[in-house]
Amino acid sequence: MTSPSWNASLPGLADGLLSAGCIKFGSFTLKSGLQSPIYIDLRQLISFPSLLEQVGAAYLPLLATLKFDRLAGLPYAAIPIATAVSLQGGYPMIYPRKETKQYGTKADIEGEFHVGETAVVIDDLATTGGSKFEAIQKLTAAGLLVKDVVVLVDRQSGAKQALAEAGYTMHAVLTITQLLDHWQADGTVESDKIEATREFLSQTGA
């Protein structure tokens, strides 16, 4: 299953992400050390409950096409998103811990699940796919099956291809190309910023 086509509900979501500061244009140093003209920080969503609710709803059409037993939200940015999806879709949720709990149950996975169940990974952003593989390893080590990963924004920097090569299918509510096309057509973001971002993405593998 591929990403859905741009539909009537997505422009409002795109503009909401921009106005909430979840997507910024300027000059930013990425974790890799590269200087980027765009920065996507979906942790901001927790301060905008209506937008978070809208984001949760945007995952539902994709999830309706998949077969799974539980959502697996990835810490930390995607846990609020997965919670919003869980509440709106009625899906039970778990999450793999970043660090193994050193007391009590010493769990790697929080929440109730049963060996052999299928978990769909929920994340906020896809770049190279590295964090997805770490989470999938924890989930499968606990006896869960993983086939699909669903993200809000695909930065189109290789994650979809890397996951596909490992046997997983990634689905995205939005791609960075869709967002840039929308904001350019709408005049919301200056053309020079859009073009600088397109050039950066083309140089970094998008």
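Residues numbered from 1 in each chain as written. Predicted model: local features only at pLDDT ≥ 70, side-chain atom pairs only at ≥ 80, totals over all residues. Heavy atoms only, no water.

> Requested: an account of the nonpolar core, with residues and values cited.
Ranked by size, the top nonpolar core spans 44 residues in total, and within it Leu-13, Leu-17, Tyr-59 and Leu-63 carry the most contacts. Excluding residues within four positions of it along the chain, Leu-13 makes contact with Leu-51, Gln-54, Val-55, Ala-58, Leu-152, Val-173 and Leu-174. Counting residues in hydrophobic clusters, the runner-up holds 20 residues, among them Ala-135, Leu-139, Leu-144 and Val-149. (Core = buried A, V, L, I, M, F, W, Y, C linked by side-chain atoms within 4.5 Å. Buried < 20%, exposed > 50% of the residue type's maximum accessible area, 1.4 Å probe, protein only. Contact = heavy atoms within 4.5 Å.)

> I'd like a description of helix H1 (residues 10-19), backed by residues and values.
An α-helix turns once per 3.6 residues; consequently, residues spaced three or four apart project the same way. Of all the positions in H1, only Leu-10, Leu-13, Ala-14, Gly-16, Leu-17 and Leu-18 are classed as buried. Contacts from the buried residues of H1 go to strand S1 (23-29), helix H2 (49-63), strand S7 (145-154), strand S8 (169-175) and helix H6 (176-186). Just downstream of H1 lies Gly-21, where phi reads positive at about 80 degrees. (Helix = DSSP H or I, 4+ residues; strand = E, 2+ residues; numbered from the N terminus.)

> Residues and numbers for the side chain of Asp-154, please.
Turning to its location among the elements, Asp-154 is positioned in strand S7. With no salt bridge to any partner, buried Asp-154 finds its closest opposite charge in Lys-160, at an N-O distance of 5.8 Å. A polar atom in the side chain of Asp-154 sits 2.8 Å from the backbone nitrogen of Gln-156. Not counting the four nearest positions on each side in its chain, Asp-154 is found in contact with Ala-126, Lys-160, Met-170, Ala-172, Leu-174, Thr-175 and Ile-176. (Lys, Arg positive; Asp, Glu negative; His and termini not counted. Salt bridge = Lys/Arg side-chain N within 4 Å of Asp/Glu carboxyl O. Polar contact = N/O pair within 3.5 Å; in protein donor to acceptor, adjacent residues only side chain to side chain.)

> Any chance you could break down the packing of H6 against helix H7 (residues 191-203) for me, citing the residues and the numbers?
Direction vectors running N to C along H6 and H7 enclose 160 degrees, while the axes themselves pass 10 Å from each other. Overall, the two elements H6 and H7 adopt an arrangement that is roughly antiparallel. You can see that H6 and H7 cross each other, and the crossing is left-handed. Residues Ile-176, Leu-180, Asp-181, Trp-183 and Gln-184 of H6 pack against Ser-191, Ile-194, Glu-195, Thr-197, Arg-198 and Leu-201 of H7. (Axes fitted to C-alpha atoms, helices over the stretch in contact; angles between N-to-C directions. Parallel < 35°, antiparallel > 145°, perpendicular 65-115°, else oblique. Left-handed = near helix turned anticlockwise from the far one by under 90°.)

> Just give me the short version of the packing of H1 against H2, but keep the residues and values in it.
Put simply, H1 and H2 touch, their axes get as near as 10 Å, and they point 140 degrees apart. Our classification of the angle between H1 and H2 gives oblique. Read as a crossing pair, H1 and H2 show a hand that is left-handed. Packed against H1, whose contacting residues are Gly-12, Leu-13, Gly-16 and Leu-17, the element H2 presents Leu-51, Gln-54, Val-55 and Ala-58 at the interface. Across the contact of H1 with H2, the residue classes break down as 5 nonpolar, 3 polar and no charged. (Nonpolar A, V, L, I, M, F, W, Y, C, P; charged D, E, K, R; others polar.)

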